[in-house]
Structure formats: C-alpha cells, structure tokens
Amino acid sequence: MKKIFLWIVSLGALAVAIVVLWPAYYGNPSVETSVPVADSTAQIARGRYLAQVSDCMACHTARGGTPFAGGRAIKTAYGTFVTPNITPDVGTGLGSWSTDDFWRAMHLGRSRDGHPLYPVFPYTDYTHITRADADAIYAYLRSIPAASAPSQPHALHFPYDQRWLMYAWQRVYFTPGVYQPNPQQSEAWNRGAYLVNGAGHCGACHTSRNAMGSALSKSALAGGFLVAQDWYAPALDQTPSASRSAAASELATLLRTGTSARHSVYGPMSEVVFGSLQYLTNEDALAIADYLHSLPQSEPPPAPADMAKVSGQYTGELMQRGAQLYHNDCAACHQINGAGVRHIYPALGANASVLAPSPVNAIRMVLNGGFAPATALNPRPFGMPPFSPSYSDSDVAAVVTYMRQSWGNDASAVAPQDVARFRSAPVD
Amino acid sequence: MTTMQARIVHKVMGRLRWTTRVLGLVLAVAVRPALAAAPAQIPDTIEQRLKTCTVCHGAHGRAGNDGYYPSIGGKPGAYLYHQLVNFRDGRRHYPTMVYLTSNLTDAYLHEIADYFAAQNLAIERTEAPTVGPEVLARGEQLVRNGDPGRKVPACVACHDSSLGGVLPATPGLVGLPHDYLFAQLANWRSGARKALPPDCMAEITKRLAPDDLRAVAVWLSLQHASPDARPAAKLEQVPPMECGSTTP
C-alpha cells in the first residue's frame, strides 16, 4: 500500500515537472534535416543492414506472422505491449509517415501525432542514430511489402496506461541526442560505441532499470533482469582475461555465429543473434567487441532480494547430490572439469551466466535445454536436452548449486523453491 | 568457397542426407577450421546434435514409457517437418517444443525431420484408461467407418487401412500414448492445435463430441504397432477431405 502511495506521489510530482520544465526542445521537432540521397538503392541496402542490426523485425513481427506487420505481445513489469505494424501500409502501417515523422519517433520518441511513445520502443538508444542512418532505415521500411494489420491495444497496468504521464517521463529520463564520436578513441571504437548504444540497443536488456523503467546510467551494461521474461542479461562490461584482440575476435565470433570457443548464446540472446547479430559485418562485430572490452566496470545491479537463503549444511547436501547428477548427466558434454568442448558445448567455469547474481539462466537452461541459433556460419547447431521432465526441483537446485560452486566458481547456492518458480516461466 | 556459395550448395543438397553430411564436413574444414578442432570424443553427427530431442522422444525417436511424448521415429518426413514449423510459427503451442524450435531454419528443421523419419516406428507400450466395451466399439467404429450422420470420415480413409500413415505427410496413428492422442484431438477441437489450412482435423474434431474423441484415443492407443511398419507409399482411395497439412 505504502509503495502505491509513493508511486502516486512521485507520478504527481512528475506531472508538475512537465508544466514547470516544459522544454523548448520539443517545440523544435526536427533538429536535423533530411539530406537527399543520390543512390536510393544503396540507401535501401544500408537501411536494411541497419534495420537488421536494430532488430526491428524481432519485436515488430508476431510468431509466424508477416515480417514487420507487428502484433507481437511484449510482457513487461508494466503490462503487455503489442507492437504496431511498421510496413508501408497506408491505413495500418507507416504508409502515411514522412521521413520527418519517422525521425521524430526514432530521435524524440514521439508518434506522428506528437504523443510520446513508451520506451519499450527503445528510442532512448535509437536517439543516438544519425539522421542519415535513420533515413536509410526509413527508406528500407518503405521498400518492403505493405501488409494490412491494425494495431492492437496494449494491456498495461494502472498508472502506466496513462500515456500523458510519458510527457513527464521523457522530460525526466530522456535526453535526445545523436552519438558524438570521442576524438580520443579510434574510428573502430567509435563505431562500436555507436552500434552498442544506438541501433544495437544492447542496454535495453543488459542495463538494469530503476522503478520507473529508466536505464541506470551508473550500471550501464553491468547486467539486467528481464523481469517479466524471467531471464538475466549478463554484464557486458567484464574485462577479458585474454588479450584484447583475442577476446574481441572470440566475442565477434559469438555475435555472428551464436557460438564461440567457450560460449554459446541461448534464451533471448539466441533470438537476437538469429534475427540480428548474425548479419553483422566482421568489422562491425569486432568494433562492438572492442568497445565492450574497453568499458570500465560499472556498478553491478543488486542481487535479487527474493531468493531463498540456503544454510551451509544444506549447501553441502546440494553439492554432494549435484556432483553425482553432474557426473551422470552433464559431464559427457560439459566435461568433468566444466571446460566444455570448444565451439560445441559451452564452458561452465568462469561463465558469466552461471555466476550471475540471479541463478535464473542456469536454472532455466537445466529445465529447458535449448539449441544455439541456426546461423549462416553455424547452420546445424548442437543442442542441450531439457531436464524438466526427469529432474525434480531439488535435483535442479543441486546441479545448479554444484555448477555455481565448482571449478573456481563462487556464487550463491540455490534452493529448490527458487527452481519451482521458473518451471512455468514463459518460453517466448 | 564463399559462405554464400556454401549456403546455396547446402540448400541444393538438402534432401540427400549423406551427401550433405559429407559435404558439411568438408565445408566445416574449409570454411571454419576452428570448428574442426573439437576433441574427438564428441562425434560430429546429427545424432549428437539431436540429443536435445531424444531425451523425451527416445533414442531414434522412440517414445519413452512415461505416458505422453509421441513416437516420432518412422513418421513421414513431411509430417514431422510440418509439426516442427508449426511449433516455431505459432500453430502448435507445447512450450518446450516452441522454445526449442524458435531460432532454427527451415533447412535444419528439414534435416531433423528427415533424420527421425528414417528411423524405425517401434515404440514402447503405454497405459490407457480402462473403459467399457461400448466405448471401445464406438472408437473402433469411428476409426474404421467414421460417422456419416455427422459428416465425419473414417480415420482409415486418410491414415491408411493399416493406420500406419501415408507418405509424404500423413502420420500413423498407432503406437502413440493415449494421453498424447487425446490431447491432440481435444486441442484441435478447441483451436489450440492448428495445421496449415484447410485444417481438416480441426473441422473433423469439431463435428465430434468430446466422448467420441476419448473413444477414438483409447481404441487407437490399444492397437499394436509393428516394429518395421512404414507409412504407405500412397493413399489407395481419393481422400474424403482436402487437407493443407498433406502437402510435401
């Protein structure tokens, strides 16, 4: 009750803030003007690439639906958003949008009629995209087949369904601005920073958010919880142990293929690689990796408070049972020493997901298994079986505790009741 | 050889499984030397890749004895392929299958389907509920003769008189667990399971009563499957309905 009261008070304060701080900025909607392009075919091709890097299609396409016709439901802590149609259909898509309209959405988070967009559309990142690149994405979206698909309403909890509140939210939490290159850094580093913080919108998942849904800048890319999806996006600001160039090459391989010598992507990141990152040029993938590896480590998000505490004695029992299960069911692929098999089965020692403050990823991998994405460079991925049919909650807790506390790993033990919560976690 | 060329070659050879495998190995060495560096104890085979599937569907696609997972070994390849695509594209909703197929390509799903289609049909017997003789009689009647009054064709009219299925895409109905069979029929009736239109199974199940679905599921689950039975090469008679799911 007290929490709700605080929310209402803070929302009221935000509403006052709009009136007081109404910014001149929004009165001048187009701070950069469109520059005509001579070669429209090349512009569309570049726009297609940028739309892939931005992963527009992932959110704006329903499962099995027409590409870019919207209709995908996105569950968040604030309710369920349903993405709109961004094909060039006049009645239901972007058909009547001008390039300036598109720019205002990408750069200012405003719809065509001027109302503020919810930041589930990651304009807080897309605002860093240059006008020329936004125009290219627009040109590409105009070139795809139009599909008639009316927008469906969002189903948001109160007070988030009050869209006018977003005026205040934007004023407090959103500063529009195209990426400004850092002259101290190389061209590749700047390209990496531009892609990570702009089109790639990595922080949408990998940065934790405050209660108002705003990314915490002090914890940029330090890992984030996908609250309604029950996944944890691991920290991207970890200093690599290998040399910077070797580490960049390994990470670039992971982004473009879905697997690397020690890693494999899964869960939501498998979708990101499948639909977006596999199309990165090698140069761009290396630039992203190089930029991420240069980041100073920022403050990690707090460990989840709702995890059950596990006593020392019970941890011992879990470890014993976990070792037995691991040797029987896991070691054939991930190896006794947790080192995995290069490019096939990921290493579990020093694995950011296994060691994450929340054990949710490790729990869900044991429960659901999964394939790495089938990419152009790894078209026939190896997979892991789901153990949910055969393992009890305490079996999963035991084997995850064993992984989190072996081979130099040092993370908290996991209680069976924390496994039970994820048995029915959403799969898409 | 560029990656694009390799992809095209891979696609063309998709149906020739062995050739593809050999070619895949050659490409793996040529295109990505790092991949070939895997230790010898992990065989570079489709079986190894599909450990994900066999934990529930049994080695070689034979279902286990825990009552639910269908046998997939020896089912028509195009049927299995359609089901994998249906899970991926939102026409079937079993959460684990939706999750596992989400980021796989048509080409890989084809290879997976063809692998299991080439295995034997044999499966373990599973438990069926005990029912009265009148229920069994109703089930057998629907399977063999249908219910002309309700415009329901017989199962055998499409799934072959042996109930072993028909190439390329009509599955066999014997050797499946009762719970699985009943769930599929009920899901079709409620719209939770869909096939490509025209969705004839949705239509048929809607013409039947829930008790009829139960009778069919029980009777089918009690029939013995021959281990080396294969789907019939073609349907002997003209099918009574047009079904989108029977396309190759």
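First things first, this report covers the structure right here in the doc. Everything numeric in this text was worked out from a predicted model, so none of it was measured. (Residues numbered from 1 in each chain as written. Chains lettered and ligands numbered in written order. Predicted model: local features only at pLDDT ≥ 70, side-chain atom pairs only at ≥ 80, totals over all residues. Heavy atoms only, no water.)

### Considering the overall build of chain A
If you tally the helices and strands in chain A, you get 16 helices and 7 strands. Radius of gyration (C-alpha) of chain A: 23 Å, near the 22 Å computed for a compact globule of 428 residues. Overall, the C-alpha framework of chain A stretches about 65 × 55 × 45 Å when taken along its three principal axes. A burial count over chain A gives 51% of its 428 residues as buried. For chain A, contacts bridging at least 24 residues in sequence account for 68% of all contacts bridging at least 6. Surface exposure of chain A reaches about 19000 Å², of which carbon and sulfur atoms provide 59%. (Helix = DSSP H or I, 4+ residues; strand = E, 2+ residues; numbered from the N terminus. Rg over C-alpha atoms; globule rule 2.2 N^0.38 Å. Buried < 20%, exposed > 50% of the residue type's maximum accessible area, 1.4 Å probe, protein only. Contact = heavy atoms within 4.5 Å. Areas by Shrake-Rupley, 256 points an atom, 1.4 Å probe, with all protein chains shown as cover.)

### Some thoughts on the overall build of chain B
Scanning chain B from N- to C-terminus turns up 12 helices and 0 strands. Element order for chain B, N to C, with α for helix and β for strand: α-α-α-α-α-α-α-α-α-α-α-α. Taken across its 248 residues, chain B has 49% of its residues classed as buried. Taking as baseline every contact in chain B between residues at least 6 positions apart, the subset at least 24 positions apart corresponds to 71%. Counting only carbon and sulfur atoms, one obtains 60% of the accessible surface of chain B, whose full area is about 12000 Å².

### Here we look at the nonpolar core
Leu-141, Leu-280 and Leu-292 of chain A are the most contacted members of the largest nonpolar core, which totals 56 residues. Counting only elements with at least two residues in this core, the list comes to helix H2 (40-54), helix H4 (99-108), helix H5 (123-126), helix H6 (131-143), helix H7 (165-173), helix H8 (187-197), helix H10 (244-257) and helix H12 (282-294) of chain A. Sort the elements by how many residues they give to this core and H6 of chain A lands first, with 6 residues. In contact with Leu-292 of chain A, other than residues within four places in its own chain, are Val-196, Leu-221, Leu-236, Asp-237 and Leu-251 of chain A. Listed in part, the 45 residues of the second largest apolar core include Ile-46, Leu-80, Val-152 and Leu-220 of chain B. (Core = buried A, V, L, I, M, F, W, Y, C linked by side-chain atoms within 4.5 Å.)

### Here's the deal with the pattern of salt bridges
Residue and element names in this part refer to chain B. Scanning the model with the defined rule gives 23 salt bridges over all chains in all. Of the charged contacts, one joins Asp-106 and Arg-88 as a salt bridge, the two residues approaching to 2.7 Å between their closest N and O atoms. Taken together, the residues Asp-106 in helix H7 (residues 106-117) and Arg-88 in helix H5 (residues 77-88) connect sequence positions 18 residues apart. The exposure class of Arg-88 is buried, given its relative accessible area of 14%. Note that Asp-212 is salt-bridged to Arg-138, the shortest N-O span being 2.9 Å. With Asp-212 in helix H12 (residues 210-221) and Arg-138 in helix H8 (residues 133-145), this pair connects stretches of sequence that are 74 residues apart. Through salt bridges with shared partners, a single network forms among Arg-138, Asp-147, Arg-150 and Asp-212. (Salt bridge = Lys/Arg side-chain N within 4 Å of Asp/Glu carboxyl O.)

### Here we look at the pairing of strand S2 (residues 79-82) of chain A
Residues and elements named next belong to chain A. Here strand S1 (residues 73-76) pairs with S2 via 4 bridges, running antiparallel. Note that in S2 the partner of Ile-74 across the bridge is Phe-81. Linking S1 back to S2 in an antiparallel pair, the connection comprises 2 residues. The pairing of S2 with strand S3 (residues 155-156) spans 2 bridges and is antiparallel. Bridge pairing links Gly-79 to Leu-156 in S3. (Pairing = 2+ DSSP bridges.)

### Focus on the sheet that holds S2 of chain A
With antiparallel pairing, the 3 strands of this open sheet are ordered in space as S1-S2-S3 (chain A). Two strands close off the open sheet at either side, each with one partner strand: S1 and S3 of chain A.

### Re helix H14 (residues 360-368) of chain A
With respect to burial, H14 of chain A is a largely interior element, 9 of its 9 residues being buried. For H14 of chain A, the secondary structure elements touched by its buried residues are strand S5 (231-233), strand S6 (370-371), strand S7 (383-384), helix H15 (393-404) and helix H16 (416-420) of chain A together with helix H6 (95-101) of chain B. Phi turns positive, to about 60°, at Gly-369 of chain A, one or two residues after H14 of chain A.

### Thoughts on the packing of H10 of chain A against H12 of chain A
The packing of two helices is summarised by the inter-axis angle and the distance between the axes. Residue and element names in this part refer to chain A. Across the interface, H10 lies against H12 with an axial gap of 8 Å and an inter-helix angle of 125°. Regarding the angle of H10 to H12, the classification is oblique. In this structure, H10 meets H12 at a crossing whose hand is right-handed. Together, Arg-244, Ala-247, Ala-248, Ser-249, Leu-251, Ala-252, Leu-255 and Arg-256 of H10 and Asn-282, Ala-285, Leu-286, Ile-288, Ala-289, Asp-290, Leu-292, His-293 and Ser-294 of H12 make up the contact between the two elements. For the contact of H10 with H12, the residue count by class is 10 nonpolar, 4 polar and 3 charged. (Axes fitted to C-alpha atoms, helices over the stretch in contact; angles between N-to-C directions. Parallel < 35°, antiparallel > 145°, perpendicular 65-115°, else oblique. Left-handed = near helix turned anticlockwise from the far one by under 90°. Nonpolar A, V, L, I, M, F, W, Y, C, P; charged D, E, K, R; others polar.)

### Things to note about the packing of helix H10 (residues 178-190) of chain B against helix H11 (residues 200-207) of chain B
Residues and elements named next belong to chain B. Contact geometry for H10 and H11: axes closest at 8 Å, N-to-C directions at 90°. It follows from the interaxial angle that H10 and H11 lie roughly perpendicular. The segment H10 lies against H11, with Leu-185, Trp-188 and Arg-189 engaging Met-201, Ala-202, Thr-205 and Lys-206. Looking at the contact of H10 with H11 residue by residue, the classes come out as 4 nonpolar, 1 polar and 2 charged.

### Things to note about the state of the cysteines
Tallied over the full model, the rule gives 1 disulfide over all chains. Note that Cys-200 of chain B is cross-linked by a disulfide to Cys-243 of chain B, the S-S spacing being 1.9 Å. Across the disulfide from Cys-200 of chain B to Cys-243 of chain B, rotation about the S-S bond amounts to roughly 120°, and the bridge is consequently right-handed. You can see Cys-200 of chain B sitting in helix H11 and its partner Cys-243 of chain B sitting in the segment after H12, a full 43 residues away along the chain. Comparing Cys-200 of chain B with Cys-243 of chain B shows no difference in burial state: the two are buried. Between Cys-59 of chain A, a cysteine without a disulfide, and Cys-205 of chain A, which holds the nearest cysteine sulfur, the sulfur-to-sulfur distance is 8.7 Å. Residue Cys-59 of chain A is classed as partly exposed on the basis of its relative accessible area of 32%. For the unlinked cysteine Cys-158 of chain B, the closest cysteine sulfur is that of Cys-243 of chain B, found at 5.3 Å. Classification of Cys-158 of chain B as buried rests on a relative accessible area of 18%. (Disulfide = S-S within 2.5 Å.)

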